2 protein chains.
Amino acid sequence: MKEYPQSKINRIKRGANRGTYDVEKINTILDAGFLCYVGYIYDGKPITIPMAYSRREDKIYIHGSTANRMLLSILESEETSITVMHLDGLVLARSGLHHSVNYRSATLFGSLKKVEKDHDKTKILKWIVDQMMPNQWDTLRPMYQKELDRTLVVEFTIVTASAKVRDIGVLDEPEDYDLPIWAGIIPIKQVAKYPIADKGKPENMQIPKHVLDYYDENK
Amino acid sequence: MKEYPQSKINRIKRGANRGTYDVEKINTILDAGFLCYVGYIYDGKPITIPMAYSRREDKIYIHGSTANRMLLSILESEETSITVMHLDGLVLARSGLHHSVNYRSATLFGSLKKVEKDHDKTKILKWIVDQMMPNQWDTLRPMYQKELDRTLVVEFTIVTASAKVRDIGVLDEPEDYDLPIWAGIIPIKQVAKYPIADKGKPENMQIPKHVLDYYDENK
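Being a predicted model, the structure only gives us computed values, none of them experimental.

## Concerning the interface of chain A and chain B
Turning to step 1, where the next piece is worked out: Facing 91 residues of chain A, the contacting portion of chain B comprises 91 residues.
Turning to step 2, where the next piece is worked out: Counting the surface chain A buries against chain B, the share from its top three residues, A:Pro46, A:Arg141 and A:Trp182, is 9%.
Turning to step 3, where the next piece is worked out: The tally of links between chain A and chain B comes to 8 salt bridges.
Turning to step 4, where the next piece is worked out: Salt-bridge contacts for B:Lys45 lead to A:Glu79; the nearest nitrogen and oxygen are separated by 3.3 Å.
Turning to step 5, where the next piece is worked out: Run the count over chain A and chain B and you get 29 residue pairs in polar contact (both at pLDDT 80 or more).

## Thoughts on the domain arrangement of chain A
Turning to step 1, where the next piece is worked out: Taken as a whole, chain A is organised into domain 1 (16-188) and domain 2 (192-219).
Turning to step 2, where the next piece is worked out: On a C-alpha basis, the centroid separation for the pair domain 1 of chain A and domain 2 of chain A is 26 Å.

## So, the packing of aromatic side chains
Residue and element names in this part refer to chain B.
Turning to step 1, where the next piece is worked out: Applying the stated rule across the entire model yields 5 aromatic pairs over all chains.
Turning to step 2, where the next piece is worked out: Taking the centre distance of 5.6 Å and the plane angle of 50° together, the rings of Tyr61 and Trp127 count as tilted. Here Tyr61 is found in strand 5 (residues 59-65), whereas its partner Trp127 is found in helix 3 (residues 118-132), with 66 residues between them in sequence. The exposure classification of Tyr61 matches that of Trp127, with both residues buried.
Turning to step 3, where the next piece is worked out: On the numbers, 5.2 Å between centres and 90° between planes, the contact of Tyr194 with Tyr215 is edge-to-face.

## Overview of the pattern of salt bridges
Turning to step 1, where the next piece is worked out: Within the structure shown, the criterion is met by 28 salt bridges over all chains.
Turning to step 2, where the next piece is worked out: Its salt-bridge partner being B:Lys8, residue A:Asp43 comes within 3.5 Å of it at the nearest N-O pair. Taken together, the residues A:Asp43 in the loop between strand 2 (35-42) and strand 3 (45-52) and B:Lys8 in the segment before strand 1 (19-20) connect one chain to another.
Turning to step 3, where the next piece is worked out: Put simply, A:Asp198 and B:Arg94 hold a salt bridge, and the shortest N to O gap is 2.8 Å. With A:Asp198 in the loop between strand 10 (196-197) and helix 5 (209-217) and B:Arg94 in the loop between strand 6 (80-92) and strand 7 (100-114), this residue pair bridges two chains. Each of the two residues, A:Asp198 as well as B:Arg94, counts as buried.
Turning to step 4, where the next piece is worked out: Residues participating in the shared-partner salt-bridge network are A:Arg94, A:Asp172 and B:Asp198.

Reading the values: the criteria
Residue numbers here run from 1 along each chain, matching the order of that chain's written sequence. To read the labels, note that chains go from A and ligands from 1, taken in the order they are written. Totals for whole chains, interfaces and linings use every residue, but because this is a predicted model, local features are given only for residues with pLDDT of at least 70 and side-chain atom pairs only at 80 or more, for both listing and counting. Side-chain metrics rest on all non-hydrogen atoms present in the structure, leaving aside hydrogens and water. Contact criterion: two residues are considered in contact whenever any of their non-hydrogen atoms come within 4.5 Å of each other. Here's the idea: put two parts together, see how much 1.4 Å probe accessible area each one loses, and the total over both is what we call buried area. Any Lys or Arg side-chain nitrogen found within 4 Å of a carboxyl oxygen on Asp or Glu counts as a salt bridge. Counted as a polar contact is a pair of N or O atoms within 3.5 Å, where, for protein atoms, one must be capable of donating a hydrogen and the other of accepting one, and residues adjacent in sequence contribute only when both atoms are in side chains. These domain boundaries are the output of an automatic or database domain assignment. Only Phe, Tyr and Trp rings are paired, with Trp represented by its six-membered ring, and only when their centres lie within 6.5 Å; those with planes under 30 degrees apart are stacked, over 60 edge-to-face, the remainder tilted. Each helix is a run of DSSP H or I of at least 4 residues and each strand a run of E of at least 2, with the numbering of both proceeding from the N terminus. Buried, partly exposed and exposed residues are distinguished by accessible area as a fraction of the type maximum, computed with a 1.4 Å probe on protein chains only: under 20%, between the cut-offs, and over 50%, respectively.

Written out as structure tokens, the structure reads:
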């Protein structure tokens, strides 16, 4: 079992029993999503922006326009963290204090660099699109050189990380279990609805299997 | 129409046509969720943590244990921002560059203070629980004084803010519309599944109407 190193920045204090530094477990959380929250410091203030990402090994890739002020600030700032969270349920307890949510979250600390080579940029943009919609990239019109030129691709190397998972039932005070109060879990899921074709040709085309699969698997 | 002031920190540069500073529109985005991403600076590094919240007027309330190192750091740091995002759909275009998501997001900048009075703390904790599950608080066992004592309630006053919304269809390059590539939107929704009763009394109780309503309205 490979673990990320623990330090002041990523050590879990509260609910340490729910915490992990396990690389595989953290990767599983990262691979279950495609939207991350990137934290950076701009003009002395912490800002968080949601961005699409893809993971390969210990790298997280994000991208944006070369005219994107925020992405440039992120790249310039030496310090960045990335947070990914999946909400899995509402925990309704018998007292206010024990209300909670079930979730899987990971926080990553690392270093950033710009990806320079066109070949690498193209490969990574495919990963990012395919992390959102598996098998999508190969159905698309290839990128123009001018499109690649105005796209900034950033590689974040995970130096250390931690994750927290809550996936259990209600935990109430011992004396509260006899109260006539309903308690339980409401599972929460992010689901895909039926695809809506764009005007023109797509209206008369069969929805591709990989797109339908995405809809089906989330039912 | 009341708007938040624009400054270097909240001005929207990219996709300014999708941006707004409108107080009501921003409040609507905030009221549609209960999980926010709080950004703060710890040891010189930007960290983002997901937290439950509630909004009243221009205040966002968050809470945690008095032993919560992160919440104490947030309170001590003069600089904090809060981000809320709702993912509404995947935008599958004919080229990689025009892939996007439909979403509603708000970013808030403001100042923090600790809520001191027990009466205020209790009222705010009710708001936070009820923002997650409407009408829940009044069904619960009242808080003990010792529970209130070890709960830190923090008030964030919104000084300025901005929001971005994308809620339109695919936008492709003019020359790409004739390509035989499927394009369209996959609507995404966060749904509640059927409630799972806790062991003991709840198994033999009717699920309360407000809990069933939450399930129903998300179908």
